[in-house]
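# Report on the structure
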Amino acid sequence: MFSIGSYHIAGQALLAPMAGVTDAPFRRICRQYGASLTTSEMVTSDTSLWKSEKSSKRLTLHEETAPISIQIAGSDPSMMADAAQQCVALGAQIIDINMGCPAKKVCKKLAGSALLANEPLVEEILNTVAKSVDVPVTLKTRTGTSPEQINGIKIAQIAQHAGIQAIAIHGRTRACRFKGAAEYQTIKKIVSSVDIPVIANGDIDSPQKAAQILEDTGATAVMVGRSALGNPWLFKSINHFLETGRFQEEPSSLEKQSVILEHLKALYSFYGEYKGVRIARKHIGWYFDHISHAKPFIKSFNTLETSQTQTQAVSDFFERYNIYEEKAA
């Protein structure tokens, strides 16, 4: 357990905010399976755009598990502060600032990881936002702008001085995006340079990897991103291994079926029939990527146009799969 401001975070496996992925339905599933904290998809600090369907969905906080964390992105300190205040008014209990996104459309606006090249602006944003709200403010960032310009330690020290309550570090630079292996030596140095909780992020795909990174870096917790896609029970496995030193049994196919159907139902309810059906396709691709011989099913599923046919297809697949497993046993 560790604390972010007055909030006690039980467990050491957190879900990384990912645009287009960590919507309310997925966050609830990950919480159910052990994610100690989840954060909304990135929301623009330009509040004039919040009436759009995309932003309004990202700011929908019903049925959220406390503490509720919303991530904001932008490059104008006053706009960021205003956005933070409005997020709190909507129910946010933690404000997370994005200085890690390497997407071109974000960096073109000098937001996300592009900010790392401008330390004075980083300092101004963090100071302004932290002083503007009465809730904890956290930071998601990277190790630097490029392998030749590693300034993660300086950014972390600026953050601590500004009153940031915790910092999550992706073990790659802006230039690296998601290529190559994450490096953790910079995270280790950051841990030694600040007193606030440091959360290690990048390539954490197993309980053993989580334990090794915590040991090697001294980080307070780990943050899981892409490895949670189609695998929300990874959080529970990580927490169990960290607490006991033992591996937890993989969920049965019946339990996986139940989770997937629950997720689909939540997507249809949250987005409506048309959009829910289309968003379901990418999640099914991730869920079934972990199941052997499922490629033909995924291809067929992507042609289905209604929630009813999608749900029935998943049920039919598992009925055949369960019979196959019983025969194999």
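For the structure, check the block above.
Values in this document were obtained by computation on a predicted structure and should not be read as measured data.

Procedures and definitions
Residues numbered from 1 in each chain as written. Predicted model: local features only at pLDDT ≥ 70, side-chain atom pairs only at ≥ 80, totals over all residues. Heavy atoms only, no water. Helix = DSSP H or I, 4+ residues; strand = E, 2+ residues; numbered from the N terminus. Buried < 20%, exposed > 50% of the residue type's maximum accessible area, 1.4 Å probe, protein only. Pairing = 2+ DSSP bridges. Right-handed = clockwise from strand over helix to strand, strands pointing away. 1 Å grid on protein atoms, 1.4 Å probe; cavity = no way out; pocket = protein on both sides within 12 Å on 5 of 7 lines; lining within 4 Å. Points joined across faces, edges and corners; volume = space filled by probe spheres on them. Nonpolar A, V, L, I, M, F, W, Y, C, P; charged D, E, K, R; others polar. Contact = heavy atoms within 4.5 Å.

The subject of this paragraph is unusual backbone geometry. The residue after alanine 66, namely proline 67, is reached through a cis peptide bond having omega -5°. Looking at the secondary structure, you find proline 67 in the loop between α2 (53–58) and β5 (69–73). Backbone geometry places arginine 177, a non-glycine residue, at a positive phi of 50°. Tracing the sequence through the fold places arginine 177 in the loop between β10 (166–170) and α7 (185–193). Look at aspartate 203: it is not a glycine, yet its phi comes out positive at around 65°. Position of aspartate 203 among the secondary structure elements: in the loop between β11 (198–201) and α8 (207–217). A relative accessible area of 26% means that aspartate 203 is categorised as partly exposed.

Attention shifts here to the pairing of β5. Looking along a regular strand, one sees side chains alternate from face to face of the sheet. Counting buried positions along β5 gives five out of five residues, so the element sits mostly inside the fold. Alignment of strand β4 (residues 43–44) against β5, held across two bridges, turns out to be parallel. Counterpart to threonine 44 in the pairing with β5 is alanine 73. Bridge count for β5 against strand β6 (residues 94–99) is four bridges, and the pairing is parallel. Opposite glutamine 71, over in β6, you have aspartate 96 as the bridge partner. Considered for its hand, the β-α-β crossover made up of β5, helix α3 (residues 77–90) and β6 is right-handed.

On to empty space enclosed by the protein, then. Inspection of the entire model under this criterion finds three cavities of 30 Å³ or more. As for the largest cavity, its lining consists of 16 residues, and the residues nearest its centre are Thr39, Asp96, Thr138, Ile199 and Met223. Tallied by class, residues from the lining of the largest cavity come to eleven nonpolar, three polar and two charged.

Another point: the side chain of serine 146. Checked against the element boundaries, serine 146 lands in strand β8 (residues 144–146). According to the relative accessible area criterion, serine 146 is buried, its value standing at 9%. If we ignore the near neighbours within four places in the chain, the residues touching serine 146 are Thr173 and Ala175.

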